[in-house]
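Spelled out from the first residue to the last, the chains are:
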Amino acid sequence: MPPAVSPLLQDLQAELPAACLLTDRADLITYAYDGTAAMRQLPLAVVLPLTADQIQATLGIARKHRTPVVTRGSGTGLSGGSIPVANSIVITLVRMDRILELDTRNLTLLVEAGAITQKIYEAADAAGLFYPPDPGSMKISTIGGNVAENSGGLRGLKYGVTRDYVMGMEVILADGKRCWLGSRCVKDVAGYNLRDLFIGSEGTLGIVTQVLLKLLPKPAGRQTLLASFTSMEDAAETVSQIIAARIVPCTLEFLDRKTIQCVENFTRVGLPVDAAALLLIETDGHPAAATEEAQKIEDLCHAHGASSVRRARDSAEAVQLATARRSAFSALARLKPTTILEDVTVPRSELAGMIREVALIAERWNVEIATFGHFGDGNLHPTILTNERDLEEMKRVEHAIDAIVEAALARKGTITGEHGVGLAKKQFLRRQIGDSSHQLLTLVKRSLDPDNLLNPGKIFDLPPFADHHVDAPAH
Ligand SMILES: Cc1cc2nc3c(=O)[nH]c(=O)nc-3n(C[C@H](O)[C@H](O)[C@H](O)COP(=O)(O)OP(=O)(O)OC[C@H]3O[C@@H](n4cnc5c(N)ncnc54)[C@H](O)[C@@H]3O)c2cc1C
């Protein structure tokens, strides 16, 4: 006899087209993971809505059955944000991926939350416009995921992060209400800034269904340089000198020796495998200005110990070099069964010391760590190569992660620069922000989602309510 269908699944089946609902174990397994190492949990069901109405209906059923909802984009998150909680419904937005409106008079783009970041970049580019945020995962990540994590990217130094390009968005709250947050105006100070509250809220406050993005004119010129250094200190000092020279490159990325060797094995683009550190630097803007800045940067690199500086001859070579940097995580992931990508950020003046300390931590706890990252932003990704099945090694890995986080906090840094808190970092959050701010976060969550329906257990754990109850659906 087939197993009895639960009342929750019966309601979902009655409300949603069959093609929008997955309940087979084999299908559910695919949604038990995201990009975070060593974390997984099977959901009860997966909903792939085509409309906001279907999301509202799913939330109504979830409230009725007191079942948590975990929103998901492409599942590339690196802090466990879209990993299901036990007995939850996953709502994945990937089928709501339309580009709704490109407004070339106001330089805005309205998209559904499941739109892939690269498609957004391409739609803007085709109109001679520019959407700058470019997370390393942009070929697969969704804009909803980018907004929920406030994702950064390789162009963050000059252009900022996702938050800087979100003018407005539609969200569905835990009680099923649909709200528009933000504005189509460049300036707008009407009321509290709820848009910014939701950006980076990691799916805990509402489900983003549409996003209105700000676009820029496309920079006409671009120069790409790759500078090799025999010492990491020289590379760090060069970064300080570039910034001190009042030059803000659009990209200033760093790879350490282990990452360089691994990326070169993977991509074969001719990286200097004997270098201790590589800087990938891009300038953009008016062609003459981009070229002048690139020349100044090249001179600064030579003056501060670069053993070689390679300038991309054409856009194909520039893309090749940027792609090599983007492949760092995938390349390192081939070395060991488990890859844990850390995401600490420190003030830029602390970078050299932080990298040195990461190396000492690796030695002390006898774990393998490769480091790369967005040097210009102070955002480092020490990447721990391990095997989650080796429990003894995993204990040492945990100590090493703790020590990396402590080292960043001791330098007035942050536990996460772009990947979010999720499940992976929640035990460190209070250490960074203190008790009062921590309590304030939970108060915001409770006022918007009193029944802790949306992505519970992410960012923080809420103590149980005295009068914890779930109302009947509100619509
Ligand atoms: C190879 C690789 C490179 C990466 N490089 C970068 C990088 O350079 N910069 C960077 O910042 N990150 C990077 N990441 C991390 C990840 O890609 C980003 O966090 C991305 O924004 C996640 O998008 P997603 O669609 O996969 O979201 P998911 O992983 O599916 O979800 C992430 C979080 O967003 C929430 N969420 C998703 N969609 C919605 C929605 N519509 N409404 C409300 N909440 C939602 C989820 O609940 C979860 O908490 C990288 C990841 C990988 C695997």
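Residues numbered from 1 in each chain as written. Predicted model: local features only at pLDDT ≥ 70, side-chain atom pairs only at ≥ 80, totals over all residues. Heavy atoms only, no water.

Draft legend 1. How the structure looks around the overall build of the chain. A tally of regular secondary structure across the chain gives 15 helices and 18 strands. The C-alpha radius of gyration computed for the chain amounts to 23 Å, which stays within 12% of the reference 23 Å derived for 475 residues, consistent with globular compactness. For the C-alpha atoms alone, the extent of the chain along its principal axes is close to 70 × 60 × 45 Å. The 475 residues of the chain split such that 54% are buried. Surface accessibility of the chain: about 20600 Å² in total, with carbon and sulfur atoms responsible for 53%. The chain carries 49 positive and 56 negative side-chain charges, and their two centres are separated by 1 Å. (Helix = DSSP H or I, 4+ residues; strand = E, 2+ residues; numbered from the N terminus. Rg over C-alpha atoms; globule rule 2.2 N^0.38 Å. Buried < 20%, exposed > 50% of the residue type's maximum accessible area, 1.4 Å probe, protein only. Areas by Shrake-Rupley, 256 points an atom, 1.4 Å probe, with all protein chains shown as cover. Lys, Arg positive; Asp, Glu negative; His and termini not counted. Charge placed at Lys NZ, Arg CZ, Asp CG, Glu CD.)

Draft legend 2. Expanded view of the nonpolar core. F229, L279, I281, C301, M354 and F375 are the most contacted members of the largest nonpolar core, which totals 53 residues. Per-element accounting of this core gives the leading share, 10 residues, to helix 14 (residues 391-410). What L279 contacts, discounting residues up to four positions off in sequence, is L225, L226, A227, F229, A235, T238, V239, L252, E253, F254 and F375. I91, I120, F130 and L454 belong to the second-largest nonpolar core, a separate cluster that totals 48 residues. (Core = buried A, V, L, I, M, F, W, Y, C linked by side-chain atoms within 4.5 Å. Contact = heavy atoms within 4.5 Å.)

Draft legend 3. Region of interest: the site of the ligand. For the ligand, the set of nearby residues contains 34 residues, the closest of which are T71, T76, S137, T142 and S151. Between the ligand and G77 there is a distance of 2.7 Å, counted from an oxygen atom to a backbone nitrogen or oxygen. The protein chains hide 95% of the 970 Å² of surface that the ligand would expose on its own. Within the residue set of the shell around the ligand, elements represented by two or more residues are strand 3 (69-72), helix 5 (143-149) and strand 10 (206-214). The dominant element in the shell around the ligand, judged by the number of residues it contributes, is helix 5, at 5 residues. Residues belonging to the shell around the ligand are distributed by class as follows: 8 nonpolar, 22 polar and 4 charged. (Near = heavy atom within 4 Å. Polar contact = N/O pair within 3.5 Å; in protein donor to acceptor, adjacent residues only side chain to side chain. Nonpolar A, V, L, I, M, F, W, Y, C, P; charged D, E, K, R; others polar.)

Draft legend 4. Examining helix 1 (residues 7-15) more closely. Inspection of helix 1 places L8, L9 and L12 among the buried residues, and these make up the whole buried set. Take helix 1 and look down its axis: the buried residues cluster within an arc of 95°, on one side only. For helix 1, the exposed residues set more than 90 degrees away from the buried face come down to P7 and A14. Among the structural elements, strand 1 (21-22), strand 2 (45-47), helix 3 (52-64) and strand 4 (89-92) are those in contact with the buried residues of helix 1. (Arc of directions from axis to C-beta.)

Draft legend 5. Summary view of empty space enclosed by the protein. In this structure the tally under the stated criterion is 1 cavity of 30 Å³ or more. Of the voids in this model, the largest cavity is the one considered here, and its volume is about 60 Å³. The set of elements that each furnish at least two residues to the lining of the largest cavity consists of strand 14 (277-285) and helix 11 (315-326). Taken together, the residues of the lining of the largest cavity break down into 8 nonpolar, no polar and 1 charged. (1 Å grid on protein atoms, 1.4 Å probe; cavity = no way out; pocket = protein on both sides within 12 Å on 5 of 7 lines; lining within 4 Å. Points joined across faces, edges and corners; volume = space filled by probe spheres on them.)

Draft legend 6. The sheet that holds strand 3, seen in detail. Spatial ordering of the open sheet is given by 1-2-4-3, a layout of 4 strands whose pairing is mixed. With partners counted over all chains shown, the strands left at the sheet margins are strand 1 and strand 3, one partner each. Strand contacts of helix 1: strand 1, strand 2 and strand 4, with the helix running at about 20° to strand 2, the strand carrying the most contacts. Across the face of the sheet, helix 3 comes into contact with strand 2, strand 3 and strand 4 while running at roughly 170° to strand 4. (Pairing = 2+ DSSP bridges. Axes fitted to C-alpha atoms, helices over the stretch in contact; angles between N-to-C directions.)

Draft legend 7. Looking closely at the pattern of salt bridges. Evaluated as defined, the whole model comprises 32 salt bridges. Among the salt bridges present, the one from R155 reaches D134, with a minimum N-O distance of 3.6 Å. Of this pair, R155 sits in the loop between helix 5 and helix 6 (156-159) while D134 sits in the loop between strand 7 (129-130) and helix 5; the two residues are 21 residues apart in sequence, bridging distant segments of the chain. D134 shares its class with R155; the two are buried. For R313, the salt bridge identified is with E317, shortest N-O distance 3.4 Å. Judged by relative accessible area, R313 falls into the exposed class, the value being 72%. Residue classification places E317 among the buried residues on the basis of a relative accessible area of 5%. Counted as one network, the salt bridges with shared partners bring together D53, E170 and R178. (Salt bridge = Lys/Arg side-chain N within 4 Å of Asp/Glu carboxyl O.)

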